[in-house]
Amino acid sequence: MTAPSSAAGRHEGPDPHDGPDRHGISGGSGGADRFPPPRPAYDVHTWKEIAHLLLNLPTAVFGFVYAITVLSVGGGLSVTVVGLPLLALSLLGARRLGKLERARARALLGVRVEEPSPLPLARGGGMLQRAWTALKDPVGWRTLLYDAIRLPWGILTFCTVLVSLFVLWPLLPYLARGLANADRAMVRGLLSPSDELERRIAELESDRGVVVDTAAADLRRIERDLHDGAQARLVNLAMGLGLAKEKLLEDPDTAAEMVAEAHGEVKLALQELRDLARGIHPAVLTDRGLDAALSSVAARCTVPVKVTVDLADRPAAAIEGIAYFTVSELLQNVSKHSAAHSASVDVWRSGDRLLIQVQDDGRGGAGLDGGTGMRGLADRLGAVDGLFVVDSPAGGPTEVTAELPWRDREK
């Protein structure tokens, strides 16, 4: 009779020799009644927040002095020649301070704020254009505002945390969390990148410069080709016909030979003019579209090329022209640099985008910095909101994908 009672006694409470794992495995109510493991009130996250709040004072003092100094000096000298360039440099420096503040918030507060896009200073036309670009930078102005208003907050957080460490230490974790959340809000609100509209405006302004530079380079190329090619041949043709005219009565045989040479010069000049016109805008592209124009380009390539154009309609003339010259440049690179045995060109439409893919089985190694005109193609496509991706490992094969916005052709 004692065995059941002892067994029942064992079920009335936990065995003092049993660990917590045995209660958890048993599936009884004992596993659900366990307390969570002890956690210190001052964990690593709390100490990071406390460190951030204590560092607010020195960083706020430095940022406040910087902001007030550059605004007063730059604003006061704005009536002189050096004022606005000095203010532009100050805004670039403010960007650096913002980068440091974002790094501090990322390390101590766990705030992940994307870095703003760099200013397109490398594409600027000159010193004045670059200064104007820096003066219009909303990221720099917001960083100066952040630095200017942080001094009172830095004093408040530093004094509150320092006093709480000695007087209100049981409440310090809660105070630190609340103050740190306010810091997180300020970092996200003032040190985040520009909104989508501002970024888009900056991209369009830089792309406009690329378009202008590309157009100017094309005009110089056309002028050079005309001067060195067809124009020179036409000048020689005029001189030859003038000499033949003088010898027409004195030496008809020599005059006939000179006329024959002039006839050959005319043919060469016409061929050069055709090539030049094809480089500006080929007639076959205007008359018959991308399929026929790209087939004509592929026929001139030294590598066998398979062309596949799957388009129900023709895109706008500008988009069609960019697509043509993109494929033409890529096939020239295939002929000159790839050592390939075959290549292919595929063009199709996907939604509101025109996709181009050029592949070859050559030796690879192509890239945007390879000196084969890839960077110019990427800039040209980027200027019209397009994309340009090169996948060319060493040893090949090479695959280049271009993407252009689709715009319907005007009827």
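Conventions and cut-offs
- Residues numbered from 1 in each chain as written.
- Predicted model: local features only at pLDDT ≥ 70, side-chain atom pairs only at ≥ 80, totals over all residues.
- Heavy atoms only, no water.
- Helix = DSSP H or I, 4+ residues; strand = E, 2+ residues; numbered from the N terminus.
- Buried < 20%, exposed > 50% of the residue type's maximum accessible area, 1.4 Å probe, protein only.
- Patch = residues over 30% accessible without salt bridge, like charges linked within 9 Å, V, L, I, M, F, W, Y side chains within 5 Å.
- Areas by Shrake-Rupley, 256 points an atom, 1.4 Å probe, with all protein chains shown as cover.
- Salt bridge = Lys/Arg side-chain N within 4 Å of Asp/Glu carboxyl O.
- Pairing = 2+ DSSP bridges.
- Axes fitted to C-alpha atoms, helices over the stretch in contact; angles between N-to-C directions.
- Contact = heavy atoms within 4.5 Å.

Visitor: Honestly, the environment of Cys159 in this entry has me stumped. Any pointers?
Guide: Looking at the element boundaries, Cys159 is found in helix H7 (residues 138-166). Classification of Cys159 by relative accessible area gives partly exposed; the value is 40%. Along the backbone, Cys159 and Leu53 are 106 residues apart, and their C-alpha atoms lie at a distance of 9.4 Å.

Visitor: How do you make sense of a nonpolar patch on the surface when you look at a structure like this?
Guide: A cluster of nonpolar residues, Leu162, Val163, Phe166, Val167, Leu168, Leu171, Tyr174 and Leu175, forms a patch on the protein surface that exposes about 820 Å² of accessible area. If you list the elements that add at least two residues to the nonpolar patch, you get H7 and helix H8 (172-190). Here the nonpolar patch takes 3 residues from H7, the largest share from any one element. In this fold, Leu171 is placed in the loop between H7 and H8.

Visitor: So what exactly am I meant to see when it comes to the sheet that holds strand S2 (residues 343-350) here?
Guide: Each strand in a sheet pairs with another by means of backbone hydrogen bonds, the pair being arranged parallel or else antiparallel. In space, the 5 strands of this open sheet follow the order S1-S2-S3-S5-S4, with mixed pairing throughout. Unpaired on one side and paired on the other, strand S1 (305-310) and strand S4 (387-391) mark the two borders of the sheet. Averaged over neighbouring strand pairs, the angle between their axes works out to 10° when direction is ignored. Relative to strand S5 (residues 398-405), S4 runs antiparallel, the two sharing 5 bridges. Across the sheet, the residue bridging to Val390 is Val400, located in S5. Contacting S1 and S2, helix H12 (residues 290-300) crosses the sheet at an angle of about 170° to S1. Contacting S4 and S5, helix H14 (residues 374-382) crosses the sheet at an angle of about 150° to S4.

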